[in-house]
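In case you want the letters, here they are:
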Amino acid sequence: MIEVREVGQRAAGGRRTLREVSLSIGAGELVAIIGGSGAGKTTLLDAIAGVRPPAEGEVRYDGGAAGPAAGSLGYVPQDDIVHLEMPLRRTLRYAAGLRLPAGTPPERAERAVDGVLEALALTARAGQRVGSLSGGERKRASIAVEMLTRPRVFFLDEPTSGLDPATSADLMRLLRGLADSGTTVVITTHHPPDVVVCDRVAVLAQDGRLVFYGAPDEARERFQADRIEDIYLRLAEGESHEWTGRFGARGRGAPPAPAAASASASASASASGPETGPAITAFRQWALLTRRNLDLITRNRLTLAVLLGSPLMVLAMFAVLFRPGAFSPESPSPAATVMILFWIAFGGFFFGLTYGLPQICGELPVLRRERLTGLRIAPYVLAKATVLLPLLAVVDALVLGVLRVLDRLPAAGWGTYGELFVTLLLCSLAALALGLLVSAAVTDPAQATMALPMLCFPQVLFVGAILPVPVMAAPGRWLSCAMSNRWAFEGLGHSLGVERLWASGRSPLGPPLLASYGDTFSRSPAVDWALLGGFTALFLAGACLVLTRRT
């Protein structure tokens, strides 16, 4: 049973979105929350489910607990909480690995997957990609994820939104069956036919007040409405306090379900009780999420094409842009040398940034739900970096190797090229971490795309290639310290000995150009590596903090 007592909620800025809502939900009941747009339906659902605890009042489970037992709550938001790229069965296997208790044998997890597929009539679709399923099947797939732990209480935010009438009716029959088997189900809905199959309906006025709670037939009588949809018209005709006063105490709450019915429902739920036990460790979460991320990338052909194709395109442009022999000791080209070093560093930065930007923002609904099941943020973020880092290493090595073969870089030993590789890889890793931070902060991939030029432009201007850092204005010099690409550029220059090259060359640009750069290339690469590592740690920590707040 769930007791909601004088619950109130506030939005950002202090505006009240819920006002003194009280109601009782019996075990095994199917309850609908209805009201106009902006009335606070989702806010109330989130408060009851504990997704966003109420600012005022309290919610009690089974007479005393402040929240449901671990593993006994299922929550399905409006957005899909399943990845669209993978087959349904594989998606459920990953979900089972994250949600089922530590130590669950693989065969038991597989039985749980088979069980929910059969229960939701999805067995025939198990091998299909989730994105190819119909809207109703995808909604059932989201419910299947939640049913893996056999929860005792289910919360669904507008589960029939966007579905055709027949599919909506099928889904409501499914929810009715869950309630009849002992699972408490609470939904929000804009679809009047959904209410008819429910045991109770909670009606919210526009200011977030509960103006009625009881059986659907009684709601029509109280609002003098022939149909459920007419209730919305009645709400628009009067102020919420008028309806509250007219309905009195019955409008603010309802007596709990009869004791016999509640006991029967609880017994039914406990017969196939929730999967409880210790959550898997952070290391196991990281390992599982790393495998899932790799699976997602390799199954999405467009993403894979971009990840592999963009470095090849940039490398081709480098090959036709730079002339051979710029690093020749007999006749060096200092201006070309600066540009080659800069664009190599910027290439590493660009690859890392573009790999990181789309990684998180597109799956925030999935992450929010998995956080409620005990997923830790640090393993989630590190799993993203773990999958992409080897790919960046291959790309960076390819850039250096091809430019050396084409004589755009000088002949040097393995030690020198090892330093170049470490510098470029750390540059890419710092940019990847920055991309993950921005991806965690934005709300959709379109915003991440818009952020790309804003992040790249300062890395071009303030690195010190177009204008040396020593001759910048004071604000520019300070700002350049915050550009991770600067330290990669300077580290590459030191490893290739551009100071010695410019000083010994016959080019008239050498000594004047060297003087304008001052001691830019005099530091050991280890210092630049430490700075790049610091940027990486800072950006990854920032991504974890942002995601912790958002989820």
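These numbers were taken from a predicted model, which means no experiment stands behind them.

### Concerning the pairing of strand β8 (residues 200–204)
And then number 1: Counting buried positions along β8 gives five out of five residues, so the element sits mostly inside the fold.
And then number 2: Because side chains alternate across β8, one face comprises the buried residues Arg200, Ala202 and Leu204, and the other comprises Val201 and Val203, equally buried.
And then number 3: As paired elements, β8 and strand β9 (residues 210–214) share four bridges and run antiparallel to each other. Across the sheet, residue leucine 204 finds its bridge partner in β9, namely leucine 210.
And then number 4: Once β8 ends, the chain turns through five residues before running back antiparallel as β9, passing glycine 208 with a positive phi of about 85°.

### Some remarks on the pairing of strand β5 (residues 73–76)
And then number 1: Burial of the side chains of β5 extends over both faces: Leu73 and Tyr75 are buried on one face and Gly74 and Val76 on the other.
And then number 2: Sheet analysis places β5 next to strand β6 (residues 153–157), joined by four bridges and oriented parallel. Following the sheet pairing, glycine 74 is matched in β6 by phenylalanine 154.

### Regarding helix α8 (residues 230–237)
And then number 1: Within α8 the residues assigned to the buried category are Asp230, Ile231 and Leu235. The buried residues of α8 occupy one face: seen down the axis, they fall within an arc of 145°. Seen from the buried face of α8, the exposed residues on the opposite side, beyond 90 degrees, are Ala236 and Glu237.

### Thoughts on the side chain of threonine 536
And then number 1: With respect to the secondary-structure elements, threonine 536 resides in helix α23 (residues 525–550).
And then number 2: Classification of threonine 536 by relative accessible area gives buried; the value is 7%.
And then number 3: The residues touching threonine 536, leaving out its near neighbours within four places in the chain, are Leu426, Leu429, Ala430 and Ala433.

### A closer look at the nonpolar core
Across soluble globular proteins, nonpolar side chains have a tendency to be buried as a group.
And then number 1: The biggest cluster of nonpolar side chains holds 85 residues, and the ones touching the most others in it are Phe327, Val381, Leu409, Phe489 and Leu547.
And then number 2: For this core, the leading source of residues is helix α17 (residues 414–441), giving 16 residues.
And then number 3: Each residue touching valine 381, except ones within four places of it in the same chain, is listed here: Leu436, Leu540, Ala543, Cys544 and Leu547.
And then number 4: Grouped together as the second largest cluster of nonpolar side chains are 50 residues, Met147, Met172, Leu178 and Phe212 included.

### Here's the deal with the sheet that holds strand β2 (residues 16–25)
Pairing between the strands of a sheet is mediated by backbone hydrogen bonds and can be parallel or antiparallel.
And then number 1: If you walk across this open sheet you meet the three strands as β2-β1-β4, and the pairing is antiparallel. Lying at the two open borders of the sheet, with one neighbouring strand each, are β2 and β4 (56–61). Direction aside, neighbouring strands of the sheet carry axes that sit 15° apart on average.
And then number 2: One ladder, built from five bridges, connects strand β1 (residues 2–10) with β4; its direction is antiparallel. Residue pairing for β4: glycine 8 is matched across the bridge by glutamate 56.

### Observations concerning the environment of serine 524
And then number 1: Following the sequence through the fold, serine 524 ends up in the loop between α22 (510–517) and α23.
And then number 2: For serine 524, a relative accessible area of 38% puts it in the partly exposed group.
And then number 3: Residues serine 524 and serine 495, 29 residues apart in the sequence, show an inter-C-alpha distance of 8.3 Å.

### So, the pattern of salt bridges
And then number 1: All told, the structure shown has 29 salt bridges when counted by the stated rule.
And then number 2: Between aspartate 407 and arginine 404 there is a salt bridge; the shortest N-O distance is 3.9 Å.
And then number 3: A relative accessible area of 36% means that aspartate 407 is categorised as partly exposed.
And then number 4: Accessibility expressed as a relative area gives 28% for arginine 404, which makes it partly exposed.
And then number 5: A salt bridge links glutamate 490 to arginine 486; its shortest N-O distance comes to 2.8 Å. Taken together, the residues span about one helical turn, with glutamate 490 and arginine 486 both in helix α20 (residues 484–495) at a distance of four residues. You'll find glutamate 490 and arginine 486 in the same group, each marked buried.

### Remarks on the packing of helix α2 (residues 88–99) against helix α3 (residues 106–119)
And then number 1: Look at α2 against α3: their axes get within 10 Å of each other, and the N-to-C directions meet at 130°. The angle between α2 and α3 places the two elements in the oblique class. As α2 packs across α3, the resulting crossing turns out to be right-handed. Contact with α2, carried on its side by Leu88, Arg89, Leu92, Arg93 and Ala96, involves Ala109, Glu110, Val113, Asp114, Val116 and Leu117 of α3 and no other residues of that element.
And then number 2: Broken down by class, the residue content of the contact of α2 with α3 amounts to seven nonpolar, no polar and four charged.

### Notes on the packing of aromatic side chains
Each aromatic ring pair is characterised by the separation of its centres together with the angle its planes make.
And then number 1: Evaluation of the coordinates by the stated rule reveals 11 aromatic pairs.
And then number 2: Taking the centre distance of 6.1 Å and the plane angle of 35° together, the rings of phenylalanine 346 and phenylalanine 349 count as tilted. Remark: phenylalanine 349 and phenylalanine 346 occur in helix α14 (residues 334–356); sequence separation between them is three residues, near one turn of the helix.
And then number 3: Residue classification places phenylalanine 349 among the buried residues on the basis of a relative accessible area of 0%.
And then number 4: Here the aromatic residues Phe342, Trp343, Phe346, Phe349, Phe350 and Phe351 are joined through ring pairs into a cluster of three or more.

### Considering the environment of valine 381
And then number 1: The topology assignment puts valine 381 in helix α16 (residues 377–405).
And then number 2: On the accessibility criterion, valine 381 (1% relative accessible area) is buried.
And then number 3: Considered as a pair, valine 381 and leucine 436 are 55 residues apart in the sequence and their alpha carbons are 7.8 Å apart.

### Considerations on the sheet that holds β6
And then number 1: Reading across the sheet, the six strands line up as β5-β6-β7-β3-β8-β9 and stay open at both edges, with mixed pairing between neighbours. Each end of this open sheet is capped by a strand with a single partner; those strands are β5 and β9. Ignoring strand direction, the axes of neighbouring strands in this sheet form an average angle of 10°.
And then number 2: Of the strand pairs in this sheet, β6 and strand β7 (residues 184–188) are connected by five bridges, and their pairing is parallel. Paired with leucine 156 across the two strands is isoleucine 187, which belongs to β7.

### Comments concerning the packing of helix α12 (residues 282–299) against α16
And then number 1: At a minimum axis distance of 8 Å, the contact between α12 and α16 shows a crossing angle of 45°. Comparing the axis directions of α12 and α16 gives the class oblique. Note that α12 runs across α16; the crossing there is right-handed. For the pair α12 and α16, the contacting residues are Ala282, Gln285, Trp286, Leu289, Thr290, Asn293, Leu294 and Ile297 in the first and Pro379, Tyr380, Leu382, Ala383, Lys384, Thr386, Val387 and Leu388 in the second.
And then number 2: Across the contact of α12 with α16, the residue classes tally to 11 nonpolar, four polar and one charged.

Rules used in this analysis
- Residues numbered from 1 in each chain as written.
- Predicted model: local features only at pLDDT ≥ 70, side-chain atom pairs only at ≥ 80, totals over all residues.
- Heavy atoms only, no water.
- Buried < 20%, exposed > 50% of the residue type's maximum accessible area, 1.4 Å probe, protein only.
- Helix = DSSP H or I, 4+ residues; strand = E, 2+ residues; numbered from the N terminus.
- Pairing = 2+ DSSP bridges.
- Arc of directions from axis to C-beta.
- Contact = heavy atoms within 4.5 Å.
- Core = buried A, V, L, I, M, F, W, Y, C linked by side-chain atoms within 4.5 Å.
- Axes fitted to C-alpha atoms, helices over the stretch in contact; angles between N-to-C directions.
- Salt bridge = Lys/Arg side-chain N within 4 Å of Asp/Glu carboxyl O.
- Parallel < 35°, antiparallel > 145°, perpendicular 65-115°, else oblique.
- Left-handed = near helix turned anticlockwise from the far one by under 90°.
- Nonpolar A, V, L, I, M, F, W, Y, C, P; charged D, E, K, R; others polar.
- Phe/Tyr/Trp six-rings, centres within 6.5 Å; stacked < 30°, edge-to-face > 60°.

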